[in-house]
Each structure stands twice: as structure tokens, then as C-alpha cells.
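The residues making up each chain are set out below.
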Amino acid sequence: MEESTSHRTFSEIQGKIDRGEVVILTAQEICDRVRDGETFELRDIDVVTTATSALMSGTYAVLSFKVAEPDTFTKAAKVWINSVPAQVGPCPNERIGILDLIVLGTEASKIDPGYGAGDLFRELVLGKKVLVEIETDEGQTLTSFTTLKQIPHAMLHASRNAFKNYLAFVNPGKVAVSTIFHSEMMKGNYEEMTFCGCGELNPLENDPELKTIGIGTKVLINGAQGFVTGPGTRSTADKPNLAGVADMHKMNPEFMGGFTTGHGPDIITTWAVAIPVLDKEMLTHILKTDAQIPLKVVDVRNRKPIFEITYADVWNKTNHEVKFKRELCLKCDLSHVENLCPVENLCPVKAVKWDTEKGLQFDRERCFNCGLCVSRCKGGTFFAYLGSIELEGVNHKVPVTLRQSDRMTALKAAQDLKLQIQKGQFKITEPVGKINFPDKP
Ligand code: SF4
Ligand code: SF4
């Protein structure tokens, strides 16, 4: 049967996948070709893979596992995992020795303010042993160790994830401010800019009318197959985000972790979403490049918009990956008793460590490419051009000093999803319910 030139169905596209005839491109591959002057018709693309990797505070885990033999204690009142507090419940645990717990992604360790639930979830996914401390309602304290393999139920839930891009932040005031949108005090007088959002790669940016993303849409969350469960909290038609769920046992640690902001630990989550291109209207959204996607610049003190730029200003002609050249290290703080590299304490994901014997250690897999080290490293060991933005009425260009989205990791997630579809490991699913975002929260 001749394929329609104006409309296709999910099953037609899945049929092409099954026959090995499908054309799948990542959103970035399409936009790169558009920038090179190529034009596309509906018949040229069947599926676009999209992704976003960013700080997504609305993330929590539901864990259920055995901590003791039945009747060892009556009831757990308080629980910590690797010193990170867990909410006991929602189900009671009387005398059974099995706990149901909820761990919020932004919780901080009671002993280390730089360690949070995002770090804990990553360590679990890495297969590391974690310490469980229980305070019973009778005042008894019990401890045990566990690993993700010993936790039969470990689901990561998203209550507010995968925003349709986000915002950029500046501080027009004279005084530096503490904010979740920076990992240090944010300098005043427009001395710097931070931002969030993966631009043209973003899932909701590619399907803003939600023709293919809905309740039950299969997605990858941190590399594990999961599902969209509905609209995310505080969603509006203007600023939508998604809720979802996936099994932590299948996750890839590369796509997740903790990230310290000015207000404590936050959590990195990565989504990849396949979008079957059903009609020409969808194609017009998919062909939009960073230069056509607005990025509001807001005052970090009150979130009021003061300028508008585009995602091209922050993602085009900039380095998405932060390069590391150990040979350029000046060992600048060797006089310090602890031989600390100034970047070590600064890195929001703890990817940099000064080892007294081995010297400077850099964990590439852990690095979020946020770029904060670039302006702070005196030797140029860490390098990337993050962009410098002209804002009307500001008499200097405003340098980007921190990115709270990682386009490199998002691209990898979109590429992984493309491969899984090509190999028949990921089936395109039609949503079972429509998501409608309200006009007001
Ligand atoms: S700040 Fe840069 S140059 Fe100095 S010790 Fe750290 S990595 Fe080396
Ligand atoms: S870019 Fe630098 S500061 Fe940011 S995560 Fe990587 S090493 Fe850490």
C-alpha cells in the first residue's frame, strides 16, 4: 500500500521498524542537516529520538526491601540510607522486617551536606553496598547493609521532569545571591549567566502538541525502559513537564547522579523519548533548530523575565563537552596542607579529586559538562567555550559560567534510544491516554 504523504499511523511506523525500513534520526542529526541547508518532507523521517539531561528536582525513589527477620523490631520510625533520610511508608511495616520507603531526590545526608539522594541512587545503580540505619519506635537503633540486587522493588518516579526546555538566569543586583540555579554565590551586575534546557533535542519541544507523548508512552529514564504516567506537577500549557516511572535495576549510572547547588543536593535525571513523525505539522516542530527556540533570561532573585535570547546563543558554536588536559595542571594549591585543587570542592558532581599519591584525578563518566571548573581552573586543565551573551542595555557581554543541562549526555541518550529501536529492543507505543496541560497551574 502506498504511504500517505500527509499522515501516518503508529502501526505503519512500527511496521517499517519491523521490516528494517525505518528512517530514525536523533533530533540533533536532523537539526544539523537543516543548518546545512537540507530540507525534509514527511516521507524522509519516520522517527526522531529526543532527550534531555538536567537537574530534575521532582524525582524520588520508592524502595521496598527486607532489613531484618520478622519480629526483630515492632516498627521502624526513622530510616537513613547512607545517612540520607528516607520517609517510612506509605505502607506500615509492623513486625515484618520489610520496609517500604520513599527517598526524595533532593534529600541531603545528615552528616555530609555535599552528599544527597542523587548520589545515593547512582551508587545503588553502580551496585555499591549502602548502609541502612533504622530507629525503631521503641528507640532501638539497628543497622544493616544492602545492595540494589537485594532490593526487589526499586522504582524511580518522576513527579516533575523533562520540562519543555527552561530558563537562563542573571543577577542584575549589586550583591551576590545564593540560589539553586548556581553552585556558588551568583555574582551580581550581570557578571555571569547560568541556564537549563537541551534546546532542539528536548522531547516536548519536538512534540509540543502531544500527538505522540501521552499516558503510557514508553520512554527511557536514565537508560531504563519506563513510562510516562501523566503531566508533571505545576505544568501549564506554556511550561509543561512530565511525570513518569522506571525500574532502577535497569538504569545506567552515566545518566544520573547528584549535583550540588547553592541550596544543597539536587538530582540529575536523563530522559530519552522516541517521537514517531505522524504528520507534516509535527515535522515543522521537529525541524526547528536552537535558533528558533526562545530562552527567557530571568532575574534570579524573583524569576521575572528581563531578556529573551535563543538556545543557539548557548548551544551553537560552544563546546558541549568540557575537555580535560592533565598536563596543563599547575598544581596550584600544593602549598595547602591537603594539596587541594580549587576545582575539587567546587565541582557539583564530585568528578575531580586531588589524590596525594596519584595527583589530579578526573572521572569523565561522572562529569556533567556543567563548565563551572572552566572559569575557576587557573591552568586551563578544564576547557570549554560556554558562550558569552550580549544583552540589550548591559555594557558588557555576559559569560555563561554554569550549565544545569548536559547536552552531551542527552545526545548519548538519544543515540542509545535510536540504536535500541533499530535493533528491535524498543517498540514504539501509542499512548493509552491523552495529557492535557492546564492554562494555569
Ligand atoms: S585549579 Fe586547575 S591548574 Fe589548579 S590544581 Fe586544579 S586542575 Fe590544576
Ligand atoms: S564540567 Fe567541571 S565542574 Fe562541571 S561536572 Fe565536569 S569537572 Fe565538574
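Quick caveat, the model's predicted, so the values are computed rather than measured. (Residues numbered from 1 in each chain as written. Chains lettered and ligands numbered in written order. Predicted model: local features only at pLDDT ≥ 70, side-chain atom pairs only at ≥ 80, totals over all residues. Heavy atoms only, no water.)

A. Geometry of the site of ligand 1. Near ligand 1 you find 13 residues, and of these Cys329, Leu330, Cys332, Cys341 and Cys377 are the closest. Looking at the shell around ligand 1, its residues break down into nine nonpolar, two polar and two charged. (Near = heavy atom within 4 Å. Nonpolar A, V, L, I, M, F, W, Y, C, P; charged D, E, K, R; others polar.)

B. Highlighting the site of ligand 2. Taken together, 13 residues lie near ligand 2, and Cys347, Cys367, Cys370, Gly371 and Cys373 sit nearest. Each residue belonging to the shell around ligand 2 can be placed in one class, and the counts come to eleven nonpolar, two polar and no charged.

C. Local environment of the side chain of Thr261. The residue Thr261 is located in strand β15 (residues 257–261) in this model. Residue classification places Thr261 among the buried residues on the basis of a relative accessible area of 4%. Setting aside its immediate chain neighbours within four residues, Thr261 contacts Leu55, Thr179, Ile180, His182, Ser183, Asp266 and Gln404. (Helix = DSSP H or I, 4+ residues; strand = E, 2+ residues; numbered from the N terminus. Buried < 20%, exposed > 50% of the residue type's maximum accessible area, 1.4 Å probe, protein only. Contact = heavy atoms within 4.5 Å.)

D. Focus on a positive patch on the surface. A cluster of basic residues, Arg234, Lys239, Lys296 and Arg303, forms a positive patch on the protein surface. For Arg303, the location among the structural elements is in the loop between β17 (294–299) and β18 (305–310). (Patch = residues over 30% accessible without salt bridge, like charges linked within 9 Å, V, L, I, M, F, W, Y side chains within 5 Å. Areas by Shrake-Rupley, 256 points an atom, 1.4 Å probe, with all protein chains shown as cover. Salt bridge = Lys/Arg side-chain N within 4 Å of Asp/Glu carboxyl O. Lys, Arg positive; Asp, Glu negative; His and termini not counted. Charge placed at Lys NZ, Arg CZ, Asp CG, Glu CD.)

E. Up close: the pattern of salt bridges. Going through the model one piece at a time under the given rule, you end up with 24 salt bridges. In this structure, Glu21 and Arg19 form a salt bridge, with 3.1 Å as the shortest nitrogen-oxygen distance. On the basis of relative accessibility, which here comes to 44%, the residue Glu21 falls in the partly exposed class. A relative accessible area of 53% means that Arg19 is categorised as exposed.

F. Up close: the domain arrangement of the protein. By domain assignment, the protein separates into domain 1 (48–56 + 162–320 + 385–422), domain 2 (58–156) and domain 3 (323–383). Here the C-alpha centre of domain 3 lies 33 Å away from the C-alpha centre of domain 2. (Domains from an automatic or database assignment.)

G. Representation of the packing of aromatic side chains within the structure. One pass over the full model with this rule turns up ten aromatic pairs. Both rings, one in Phe163 and one in Tyr166, keep their centres 5.1 Å apart while their planes meet at 70°; by these two values the pair is edge-to-face. A residue is classified by how much of its surface remains accessible, and Phe163, at 18% relative accessible area, is buried. Ring centres of Phe195 and Trp315 lie 5.2 Å apart, and the angle between their planes is 80°; this geometry places the pair in the edge-to-face category. Note that Phe195 is positioned in strand β11 (residues 193–195) and Trp315 in helix α6 (residues 311–315), a separation of 120 residues in sequence. With respect to class, Phe195 is no different from Trp315; both count as buried. (Phe/Tyr/Trp six-rings, centres within 6.5 Å; stacked < 30°, edge-to-face > 60°.)

H. Structural detail: the sheet that holds β18. Read across the sheet, six strands follow the order β18-β17-β10-β11-β24-β23 without closing on themselves; strand pairing throughout is mixed. For this open sheet the edge positions go to β18 and β23 (388–389), each flanked by a neighbour on one side alone. Bridge count for β23 against strand β24 (residues 398–403) is two bridges, and the pairing is antiparallel. In the strand pairing of β24, Ile389 is matched with Val398. (Pairing = 2+ DSSP bridges.)

I. Just the nonpolar core, in detail. Core analysis: the largest hydrophobic core is formed by 84 residues, its most contacted members being Phe121, Met248 and Trp271. Built from parts of two domains, this core gets at least three residues from each of domain 1 (48–56 + 162–320 + 385–422) and domain 2 (58–156). With residues up to four places along the chain from it excluded, the contact list for Phe121 reads Ala61, Val103, Gly105, Leu156, Met248, Met256 and Ile267. (Core = buried A, V, L, I, M, F, W, Y, C linked by side-chain atoms within 4.5 Å.)

J. Spotlight on helix α2 (residues 27–35). Among the residues of α2, Ala27, Gln28, Ile30 and Cys31 are the ones counted as buried. All buried residues of α2 project into a common sector of 160° when viewed along the axis, lining one side. Against the buried residues of α2 lie β1 (24–26), β2 (47–55), α4 (203–206), α5 (280–286) and α9 (407–422). Looking at the residues trailing α2, positive phi occurs at Gly37, about 100°. (Arc of directions from axis to C-beta.)

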